[in-house]
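So you can see what is in the structure, the chains are spelled out below.
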Amino acid sequence: KNQVEQSPQSLIILEGKNCTLQCNYTVSPFSNLRWYKQDTGRGPVSLTIMTFSENTKSNGRYTATLDADTKQSSLHITASQLSDSASYICVVSPRAGGTSYGKLTFGQGTILTVHP
Amino acid sequence: DSGVTQTPKHLITATGQRVTLRCSPRSGDLSVYWYQQSLDQGLQFLIQYYNGEERAKGNILERFSAQQFPDLHSELNLSSLELGDSALYFCASSGSRTGQEYYEQYFGPGTRLTVT
């Protein structure tokens, strides 16, 4: 069964600090991996998308890395801000074709709280 | 604002009832996806439509059905509602024209369904 596991489940940091969130997946074959930010009660918003051939991608203070060999990804947030408080969700997409099309597999998310 | 609209924002109904959730995709997007997010669970893929045709099915119950109309808006019908159906229901759209799920999915604000 395709799975996406995220750690930690929750994290509390002080404003201005850096943090790293982890994602391990078993989805195979694999097309791309996405990180989403979801504010409470709102729809997820994409931060990064990486194909299996990419190993890093940045979006402002967010940097995602991908190791397709070990099936691991991380999201690094630098100089955190209060507005970074949200759930961060790792999402893996299987390769196109057949019945796997569109079936994104979502992790449970890491709840990040940034304190002043 | 993702450009995806969902109505209603909130819905409160009783067990056994039937409701319809509506989604309008971003202008030009042909694919619409429906997701369910329960309190203690991550996002679960329900179903995808592409240009009016069902493209992929996820963990959608038989009591649930969806369709996409010629103007590309979509409706998710939930019937014989149970307490456990209480959740946030998200719609997302993407501009995939070749069937590649790499295309970014843009999520709507969601409909919060409460079954009492």
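Structure's up top.
First, a word on what this report is: a plain description of the structure on this page. (Residues numbered from 1 in each chain as written. Chains lettered and ligands numbered in written order. Predicted model: local features only at pLDDT ≥ 70, side-chain atom pairs only at ≥ 80, totals over all residues. Heavy atoms only, no water.)

## Brief notes about the overall build of chain B
Piece 1. Along its length, chain B carries 0 helices and 11 strands.
Piece 2. Secondary structure of chain B in N-to-C order comes out as β-β-β-β-β-β-β-β-β-β-β.
Piece 3. At 13 Å, chain B has a C-alpha radius of gyration in line with the 13 Å of a compact globule built from 116 residues.
Piece 4. Principal-axis analysis of the C-alpha atoms places the extent of chain B at approximately 40 × 30 × 25 Å.
Piece 5. Long-range pairs, those at least 24 residues apart, make up 56% of the contacts in chain B between residues at least 6 apart in sequence. (Helix = DSSP H or I, 4+ residues; strand = E, 2+ residues; numbered from the N terminus. Rg over C-alpha atoms; globule rule 2.2 N^0.38 Å. Contact = heavy atoms within 4.5 Å.)

## Comments concerning the overall build of chain A
Piece 1. The helix and strand inventory of chain A stands at 0 helices and 11 strands.
Piece 2. In sequence order, chain A lays out its α and β elements as β-β-β-β-β-β-β-β-β-β-β.
Piece 3. Relative to the 2.2 N^0.38 estimate, which gives 13 Å for 116 residues, the radius of gyration of chain A is 14 Å and therefore close to what a compact globule would have.
Piece 4. Classification of the 116 residues of chain A by burial places 45% in the buried group.
Piece 5. For chain A, the share of sequence-separated contacts (at least 6 apart) that also reach a separation of at least 24 residues comes to 57%.
Piece 6. A total of about 5,500 Å² of accessible surface is found on chain A, and carbon and sulfur atoms cover 49% of it.
Piece 7. Computed over 10 positive and 7 negative side-chain charges, the separation of the two mean positions in chain A equals 7 Å. (Buried < 20%, exposed > 50% of the residue type's maximum accessible area, 1.4 Å probe, protein only. Areas by Shrake-Rupley, 256 points an atom, 1.4 Å probe, with all protein chains shown as cover. Lys, Arg positive; Asp, Glu negative; His and termini not counted. Charge placed at Lys NZ, Arg CZ, Asp CG, Glu CD.)

## What to know about the sheet that holds strand S8 (residues 74–78) of chain B
Residues and elements named next belong to chain B.
Piece 1. The 4 strands are arranged S1-S3-S8-S7 in an open sheet whose pairing can be described as antiparallel. Among the strands making up the open sheet, the edge pair consists of strand S1 (5–7) and strand S7 (64–68). Each adjacent strand pair in this sheet contributes to an overall mean axis angle of 15 degrees, direction not counted. (Pairing = 2+ DSSP bridges. Axes fitted to C-alpha atoms, helices over the stretch in contact; angles between N-to-C directions.)

## Thoughts on the pattern of salt bridges
All names here are of chain B.
Piece 1. In the structure shown here, the tally under the stated rule is 5 salt bridges over all chains.
Piece 2. We note a salt bridge from Asp29 to Arg26, for which the minimum N-O separation is 2.8 Å.
Piece 3. In this structure, the salt-bridge partner of Arg63 is Glu82, at a minimum N-O distance of 3.7 Å. One end of the pair, Arg63, is in the loop between strand S6 (53–57) and S7; the other, Glu82, is in the loop between S8 and strand S9 (87–94), with 19 residues separating them in the sequence.
Piece 4. Residue Glu82 is classed as partly exposed on the basis of its relative accessible area, which comes to 43%.
Piece 5. A single salt-bridge network, built from bridges that share partners, covers Arg63, Glu82 and Asp85. (Salt bridge = Lys/Arg side-chain N within 4 Å of Asp/Glu carboxyl O.)

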